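# Secondary and tertiary structure notes
The chain contents come next:
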Amino acid sequence: MALVTTAEVCDANPQLIVSGELRALQPVFQIYGRRQVFSGPVVTLKVFEDNVLIRGFLEEKGNGRVLVVDGGGSLRCAILGGNPVVQAQNNGWAGIVVNGCVRDVDEINSCDIGVRALASHPVKANKKGVGEKHVPVAFAGTRIWDGEYLYADTDGILISKTELAV
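Residues numbered from 1 in each chain as written. Predicted model: local features only at pLDDT ≥ 70, side-chain atom pairs only at ≥ 80, totals over all residues. Heavy atoms only, no water.

## Quick word on the environment of G100
Turning to its location among the elements, G100 is positioned in strand β6 (residues 95-102). Apart from residues no more than four positions distant in its own chain, G100 is found in contact with S74, A117, L118 and A119. (Helix = DSSP H or I, 4+ residues; strand = E, 2+ residues; numbered from the N terminus. Contact = heavy atoms within 4.5 Å.)

## Regarding the layout of surface pockets
Roughly 150 Å³ of internal volume is contained in the largest pocket. If you go around the largest pocket, the residues you meet are L25, Q26, P27, V28, F29, I31, R116, D153, T154, D155, G156 and I157. Grouping the amino acids of the lining of the largest pocket by side-chain chemistry returns 6 nonpolar, 3 polar and 3 charged. (1 Å grid on protein atoms, 1.4 Å probe; cavity = no way out; pocket = protein on both sides within 12 Å on 5 of 7 lines; lining within 4 Å. Points joined across faces, edges and corners; volume = space filled by probe spheres on them. Nonpolar A, V, L, I, M, F, W, Y, C, P; charged D, E, K, R; others polar.)

## With respect to the nonpolar core
Counting residues in each nonpolar core, the largest one holds 25 residues, and the members touching the most others are I54, L67, L80 and I96. Those elements that place two or more of their residues in this core are β3 (38-46), α3 (52-58), β4 (66-70), β5 (78-80), α4 (82-90), β6 and β7 (114-120). The element contributing the most residues to this core is α3, with 4 residues. Among residues more than four places away in sequence, those in contact with L80 are I54, L58, V85, I96, V98, C101, V102, R103 and V115. With 18 residues, the next largest nonpolar core counts L118, A140, I144 and I159 among its residues. (Core = buried A, V, L, I, M, F, W, Y, C linked by side-chain atoms within 4.5 Å. Buried < 20%, exposed > 50% of the residue type's maximum accessible area, 1.4 Å probe, protein only.)

## Points about the pattern of salt bridges
Where charged atoms of side chains with opposite charge meet at close range, the side chains can pair. Across all of its chains, the model carries 5 salt bridges by this definition. For E60, the salt bridge identified is with R65, shortest N-O distance 3.9 Å. With relative accessibility at 36%, the residue E60 sits in the partly exposed group. The partner of E148 in a salt bridge is K161, with the nearest N and O atoms 3.7 Å apart. Remark: K161 occurs in the segment after β12 (156-160) and E148 occurs in the loop between β10 (142-144) and β11 (149-153); sequence separation between them is 13 residues. (Salt bridge = Lys/Arg side-chain N within 4 Å of Asp/Glu carboxyl O.)

## Focus: the packing of aromatic side chains
Under the counting rule described, the total for this entry stands at 1 aromatic pair. Centroid distance F29 to F139: 6.1 Å. Interplanar angle 70°. Geometry classified as edge-to-face. Here F29, found in the loop between β1 (22-24) and β2 (30-32), pairs with F139, found in strand β9 (residues 137-139); they are 110 residues apart in sequence, far enough to count as distant. The residues F29 and F139 share a single accessibility class, namely buried. The lysine or arginine in question, K133, covers the ring of F57, its NZ or CZ lying 5.7 Å from the ring centre. (Phe/Tyr/Trp six-rings, centres within 6.5 Å; stacked < 30°, edge-to-face > 60°. Lys NZ or Arg CZ within 6 Å of the ring centre and 35° of its normal.)

## Notes on unusual backbone geometry
A positive phi is found at E49, a non-glycine position, where the angle reads about 55°. Inspection of the secondary structure puts E49 in the loop between β3 and α3. Judged by relative accessible area, E49 falls into the buried class, the value being 10%. Positive phi values are uncommon outside glycine, yet D104 reaches one of about 60°. In this structure D104 comes out as partly exposed when scored by relative accessible area, which is 37%.

## Let's talk about the environment of K133
For K133, the position within the fold is in strand β8 (residues 132-133). Its relative accessible area of 46% is what places K133 among the partly exposed residues. For the pair K133 and A24, spaced 109 residues apart in the sequence, the C-alpha separation amounts to 23 Å. In this structure K133 touches T44, L45, L53 and F57, once residues within four positions along its chain are discounted.

Okay, here's the thing in structure tokens:
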């Protein structure tokens, strides 16, 4: 999404918004990481106050994908920290969107990757390995499916059923 903003994508595709093929997440996310603009195919994960599966995904090659994590909106602990984000950057992930909290913000902000989360929190997550991979997740006003496309910039986050020619 080199020079096209999410606002321009919305302006150019009103029919996709009406049909639900293009959806904007509600503006509830804080911006972290050095990459403010990112996009890619979505990989979904559903966890609650547990980061084992998140770490497992980010240890894999990202190939420009975006990990979308439904953390249940928990504000009681951070499910993503600096070490996994460094690993994600090194493994070629384009970004991570977390419906939950992050920690190690200074370390995350030094990484060349896009991260969105609800807030930061100093308490670490559990390590039980409980969660669901590649399942539809619903937060910030929309449902997101594995394999859809995510486009993020400083105006917001869009989800598209198909890859957009931008």
